[in-house]
Amino acid sequence: METSTALHSHDPHDPHGHGGHDEHHELGFLQKYVFSTDHKVIGIQYGITGLAFLFFGFSLMMMMRWQLAYPGKALPVLGPLLARLIRNDGMNSGGVPGVMTADFYNSLGAMHGTIMVFLGIVPVAFAAFGNFVVPLQIGAPDMTFPKINMASFHAFWVGGMIMLVSFFCPTGPAKGGWTSYPPLADLTDQSSNMLWTGQTLWIIGMVFLITSSLLGAVNFITTIIQLRAPGMTWMRMPFFCWVQLITAFLLLLAFPPLEAASFMQLMDRVFHTSFFLPHGVTLNNHLVNVAGGGSPLLWQHLFWFLAHPEVYVLILPGLGIIAEVLTNNTRRPLWGYKAAVYAALGIGFLSFIVWAHHMYLTGMGAAVSTFFQTTTIIISVPSVIILTCLLLSLWGGSIRFTVPMLFATAFLPEFGIGGLTGIPLAFNSTDLYLHDTYYVIAHFHYIVAPGTIFAIFAGVYYWYPKATGRMMNEFWGKVHFWGSVVTMNIIFMPMFLQGMAGMHRRGFDGGLTYDLNKPVIHWNATISHAAWTLGLFQLPFIFNFFWSMKFGKKVGHNPWNATTLEWSAPSPPPHGNFLEPIAVYRGPYEYSVPGHSVDFIPQSDPQGPRTDAGAHGH
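Here the structure is a predicted model, which is why all the values come from computation and not from measurement.

A short note on the overall build of the protein chain
Then, number 1: What the protein chain contains, in helices and strands, is 17 helices and four strands.
Then, number 2: Taken over the C-alpha trace, the protein chain has a radius of gyration of 25 Å; the compact-globule value for 618 residues is 25 Å, and the two agree within 12%.
Then, number 3: Taken along the three principal axes of its C-alpha coordinates, the protein chain extends 80 × 55 × 50 Å.
Then, number 4: The buried share among the 618 residues of the protein chain stands at 58%.
Then, number 5: Restricting to contacts in the protein chain with at least 6 residues of sequence separation, those with at least 24 account for 79%.
Then, number 6: Within the structure as shown, the protein chain displays about 24300 Å² of accessible surface, and the carbon and sulfur contribution to it stands at 68%.
Then, number 7: If the 26 positive side-chain charges of the protein chain are averaged to one point and the 28 negative ones to another, these points end up 8 Å apart.

Printed below as a string of structure tokens:
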């Protein structure tokens, strides 16, 4: 077994906690950066790869926005180039190179959703920050299973490469949407008689991504339960560690049904089974020769049983990051720490019994729909509790508007908008009208774009000095923030009105087909211009991220005057993380303690009052 024994019984002659003299030789490039088992390197691997996928998935959306704003016109510069580069006619509509076909637009929609969720937000918010920060915050020298941790990243990498390769298939990338609904996903491109179609590669890629998440989840759960430093009781854990633990359980319990379903869909496509194909399916007005007897709705149940907990897999790590940044920059404890922890546990439980609110259009009975409407409304309660704890933490605080804090404060109202606009979708009467319109796009993106992605940016700016020993440039950070927050709202706010007017999310011509869209169709150009401007405002972040690695201002081990354990380690932390044995004496957020000479008391400082939650007076 790979568990490290006697992790906190450090040898005094081995200050880095290596446990032996054989670790001191210099590692080669491959062993240090590619096949590393160090949780910090793996966290950085996940982070940089996930951010790259985020930008790539965002670029696909920027191409889609051209088609929505100017349907039927050639994409400037990039269009003719793509027409020559890809092996299908996706950018060659009507014989005009650079004009997007309806099929290719549909593929971009499928790949944008898949890449942003499974290759971008989850790897960065959960795996990158979790790998780098959690062992440091609980005082552990590494993850429990370092080699499994490495295998998790490599499975993620392989899955991502398979997804990218699918763009170059003669049939084009997946066309079944990011939800891959059968019968469409089972039958698309079957007439090509090719084994390796984009849709098939999509399923294989998903199997690798699911496996990656399962390996990571097992590691996180074991590490947080087993490797906490002496004195790190449950109610002394930072809120970020709590949400990472709950997220790991969500992944561990929700992903296996989708992995089983993915294998079943793969069998349907490659070996012509009928797990999801019913009798009497027609394709192009011809009866499809299938065994039949399968159920398309079975896929929806298996998919959404994962994909609704997946929403909280996206949200919970973001809320944890925001809690760390807010408490540090208000110089106050987290208001209602225990209430926030119990609310997060409640979200984890309830997230498994709300999935069918995505399926009201399947014609479920009144009793079943009433159950899922009720649980969907109930799960909003713990979400509001956590948001309230974060908002009340601002009250009376001595707020420092650093770049991480700007993103954190912007997160609060934007996430609130996303949550409030989800309430109409909880009821089948209103969801029947709003389902698959731009209203749903706006609701979901307010939660994950100015929501979770803003939390990711806050986390990058906040923990960057811990990972590199240097600060990111504050001026370019503020340029990045203000450009992003303004353009995000210009993009998504009009979509609520477009959705209420009936504009469908999958219309490749921007709604020109339907007369009822005419009053709101002119907003497509404005939204697209804002999206491209948002893309430009990510360039200062990319420049700042890499430039600061070499030229950023050097800092010590605790540049933010923070209290949690990761700031007791050097910046960047060495192998083994801590230079001396670490112990915990108080809760995670001891800021502005009355009668103390400074406004923060680190968890590892034996001096000062000892508490559990670190929320004195609450």
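Remarks on helix H2 (residues 39–69)
Then, number 1: With 31 residues, H2 should cover 45 Å at 1.5 Å per step; its first-to-last C-alpha distance of 44 Å lies within 8% of that length.
Then, number 2: By the criterion of burial, H2 is predominantly enclosed, with 24 of the 31 residues buried.
Then, number 3: For H2, the capping residue at the N-terminal end is Asp38, with a side-chain oxygen 2.8 Å from the backbone nitrogen of Lys40.

Considerations on the packing of helix H7 (residues 198–226) against helix H8 (residues 239–270)
Then, number 1: Packing of H7 against H8 leaves a shortest axis separation of 8 Å and a crossing angle of 155°. Considering their axes alone, H7 and H8 lie roughly antiparallel with respect to each other. H8 is crossed by H7, and the crossing has left-handed handedness.
Then, number 2: Broken down by class, the residue content of the contact of H7 with H8 amounts to 23 nonpolar, seven polar and two charged.

Some details on the packing of helix H12 (residues 403–420) against helix H15 (residues 474–500)
Then, number 1: Orientation of H12 relative to H15, taken along the N-to-C sense of each, is 10°, at an axis distance of 10 Å. Regarding the angle of H12 to H15, the classification is roughly parallel. Contact residues: Val403, Leu406, Phe407, Ala410, Glu414 and Ile417 in H12; Glu474, Gly477, Lys478, His480, Phe481, Val485, Asn489, Met493 and Phe496 in H15.
Then, number 2: Among the residues forming the contact of H12 with H15, the class breakdown is nine nonpolar, three polar and three charged.

Digging into unusual backbone geometry
Then, number 1: Residue Pro183 follows Pro182 across a cis peptide bond; omega there is 5°.
Then, number 2: For the peptide bond that leads from Ser571 to Pro572, omega is -5°, which places it in the cis range.
Then, number 3: As for its placement among the helices and strands, Pro572 is situated in the segment after helix H17 (523–551).

Re helix H4 (residues 102–138)
Then, number 1: A rise of 1.5 Å per residue sets the reference length of H4, with its 37 residues, at 54 Å; its end C-alpha atoms lie 50 Å apart and thus fit the reference within 8%.
Then, number 2: The sharpest bend along H4 measures roughly 55° and falls at Pro123.
Then, number 3: Gly139 lies just past H4 and shows a positive phi near 80°.

A short note on the pattern of salt bridges
Then, number 1: Scanning all chains against the criterion turns up six salt bridges.
Then, number 2: Between Lys40 and Asp38 there is a salt bridge; the shortest N-O distance is 3.0 Å. Asp38 shares its class with Lys40; the two are buried.
Then, number 3: Across the pair Arg331 and Asp599 runs a salt bridge, and its minimum N-O distance is 2.9 Å. Of this pair, Arg331 sits in the loop between helix H9 (296–330) and helix H10 (337–350) while Asp599 sits in the segment after H17, and the two are 268 residues apart along the sequence.
Then, number 4: According to the relative accessible area criterion, Arg331 is buried, its value standing at 4%.
Then, number 5: The network of salt bridges with common partners includes Asp436, Arg505 and Arg506.

Some thoughts on the nonpolar core
Then, number 1: In terms of nonpolar packing, the biggest core is built from 183 residues, with Phe239, Leu316, Ile322 and Leu390 touching the most fellow members.
Then, number 2: In terms of residue count, the dominant contributor to this core is H4 (22 residues).

Some words on the side chain of Glu259
Then, number 1: Mapped onto the elements, Glu259 comes out in helix H8.
Then, number 2: One buried charge, Glu259, has no salt-bridge partner; the nearest side chain with opposite charge is Arg269, at 17 Å.

Considerations on the packing of aromatic side chains
Then, number 1: Tallied over the entire structure, the rule returns 44 aromatic pairs.
Then, number 2: Seen from their ring centres, Tyr46 and Phe153 are 5.2 Å apart, and the 80° between their planes marks the pair as edge-to-face. With Tyr46 in helix H2 and Phe153 in helix H5 (residues 146–165), the pair connects residues that are 107 residues apart, well separated along the chain.

Let's talk about the side chain of Gln45
Then, number 1: Structurally, Gln45 can be placed in helix H2.
Then, number 2: Taking the relative accessible area as the measure of exposure, Gln45 reaches 11% and is therefore buried.

Let's talk about the environment of Lys554
Then, number 1: Looking at the secondary structure, you find Lys554 in the segment after H17.
Then, number 2: Sequence separation between Lys554 and Met471 is 83 residues, and the spatial gap between their C-alpha atoms is 6.6 Å.
Then, number 3: With residues up to four places along the chain from it excluded, the contact list for Lys554 reads Gly469 and Arg470.

Brief notes about the environment of Ser212
Then, number 1: Position of Ser212 relative to the elements: it lies in helix H7.
Then, number 2: Taking relative accessible area as the criterion, Ser212 reaches 5% and is therefore assigned buried.
Then, number 3: Considering only alpha carbons, one finds Ser212 and Met150, 62 residues apart in sequence, at a separation of 9.7 Å.
Then, number 4: Once residues within four sequence positions are removed from consideration, Ser212 is found in contact with Tyr46, Ser152, Ala155 and Phe156.

Cut-off values and rules
Residues numbered from 1 in each chain as written. Predicted model: local features only at pLDDT ≥ 70, side-chain atom pairs only at ≥ 80, totals over all residues. Heavy atoms only, no water. Helix = DSSP H or I, 4+ residues; strand = E, 2+ residues; numbered from the N terminus. Rg over C-alpha atoms; globule rule 2.2 N^0.38 Å. Buried < 20%, exposed > 50% of the residue type's maximum accessible area, 1.4 Å probe, protein only. Contact = heavy atoms within 4.5 Å. Areas by Shrake-Rupley, 256 points an atom, 1.4 Å probe, with all protein chains shown as cover. Lys, Arg positive; Asp, Glu negative; His and termini not counted. Charge placed at Lys NZ, Arg CZ, Asp CG, Glu CD. Expected span 1.5 Å × (residues − 1). Polar contact = N/O pair within 3.5 Å; in protein donor to acceptor, adjacent residues only side chain to side chain. Axes fitted to C-alpha atoms, helices over the stretch in contact; angles between N-to-C directions. Parallel < 35°, antiparallel > 145°, perpendicular 65-115°, else oblique. Left-handed = near helix turned anticlockwise from the far one by under 90°. Nonpolar A, V, L, I, M, F, W, Y, C, P; charged D, E, K, R; others polar. Bend = angle between axes of the 7 residues up to and from the residue. Salt bridge = Lys/Arg side-chain N within 4 Å of Asp/Glu carboxyl O. Core = buried A, V, L, I, M, F, W, Y, C linked by side-chain atoms within 4.5 Å. Phe/Tyr/Trp six-rings, centres within 6.5 Å; stacked < 30°, edge-to-face > 60°.

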